[in-house]
Amino acid sequence: MSGGVLVGSIALAVTGAEVAVRLILPVGLAEIEWGAVRLSANRTLMYELQPGASDHNRWGLRGAETTRQKPAGVFRVAMLGDSLIYGLHLAVDETIPNRLEGLLDESVAGVEVFNFGVPGYGIIQEAEQARVLVPRFEPDLAVLV
């Protein structure tokens, strides 16, 4: 069997499996209210969370209000990702960043975890966030999930 036939057979099998899974378990990817997002001035990001909408803070991050300038003695973590980090269909206190902050606060005082998750974002948008938006909040650590 030639390499081309083998690759073609694998691609066909994977495509068939993908179609079967989508028919059996339909998944609505990046389901978010249109009022919760806005077009971004940054062409790479394309869209971003609407500040003040739903449970977004004034900076367009999901979660409580905060300052951009890091207070003295605080260790900041920026969590980037898609709907998993955003916590689609979850209350804010159930999201991964919020839960991590709660766990860290139990053992280490002065930790803030920021939720930079945006449903539908891929690695290109997440890299752009890491380059342009995340540094504005002076994090000590950035985690891409």
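A short tour of the structure in this document, coming up. Just so it is clear, the structure is predicted and the values come from calculations on it, not from any experiment.

Helix and strand counts for the chain come out as four helices and five strands. In the chain, the proportion of contacts linking residues at least 24 apart, taken out of those at least 6 apart, comes to 59%. Surface exposure of the chain reaches about 8900 Å², of which carbon and sulfur atoms provide 63%.

So, about the side chain of Glu-112. Checked against the element boundaries, Glu-112 lands in strand E4 (residues 111-115). At a separation of 2.6 Å, a polar atom in the side chain of Glu-112 contacts the side chain of Arg-76. Once residues within four sequence positions are removed from consideration, Glu-112 is found in contact with Thr-66, Pro-71, Val-74, Phe-75, Arg-76, Val-77 and Glu-101.

Looking now at unusual backbone geometry. In this model, Ser-54 sits at a positive phi of 50 degrees, which is unusual for a non-glycine residue. Position of Ser-54 relative to the elements: it lies in the loop between strand E2 (47-49) and strand E3 (75-80). The backbone phi angle of Glu-138 is positive, close to 55 degrees, even though this residue is not glycine. Tracing the backbone through its elements, the reader meets Glu-138 in the loop between helix H4 (123-133) and strand E5 (141-144).

Let us now look at the sheet that holds E5. Strand order in this open sheet of three strands is E4-E3-E5, and the pairing throughout is parallel. Looking at the sheet topology across the chains shown, the edges are occupied by E4 and E5. Taking each pair of neighbouring strands and ignoring which way they run, the sheet shows an average axis angle of 20 degrees. Where E3 lies against E5, four bridges are found, and the strand directions are parallel. Bridge pairing in E5 links Ala-78 to Ala-142.

It is worth spelling out H4 at this point. Along H4, the residues classified as buried are Gln-125, Glu-126, Glu-128 and Gln-129. Take H4 and look down its axis: the buried residues cluster within an arc of 160 degrees, on one side only. Opposite its buried face, H4 presents the exposed residues Ile-123, Ile-124 and Arg-131, each directed more than 90 degrees away. In the core, the buried residues of H4 are packed alongside E3 and E5.

About the thresholds
Residues numbered from 1 in each chain as written. Predicted model: local features only at pLDDT ≥ 70, side-chain atom pairs only at ≥ 80, totals over all residues. Heavy atoms only, no water. Helix = DSSP H or I, 4+ residues; strand = E, 2+ residues; numbered from the N terminus. Contact = heavy atoms within 4.5 Å. Areas by Shrake-Rupley, 256 points an atom, 1.4 Å probe, with all protein chains shown as cover. Polar contact = N/O pair within 3.5 Å; in protein donor to acceptor, adjacent residues only side chain to side chain. Pairing = 2+ DSSP bridges. Axes fitted to C-alpha atoms, helices over the stretch in contact; angles between N-to-C directions. Buried < 20%, exposed > 50% of the residue type's maximum accessible area, 1.4 Å probe, protein only. Arc of directions from axis to C-beta.

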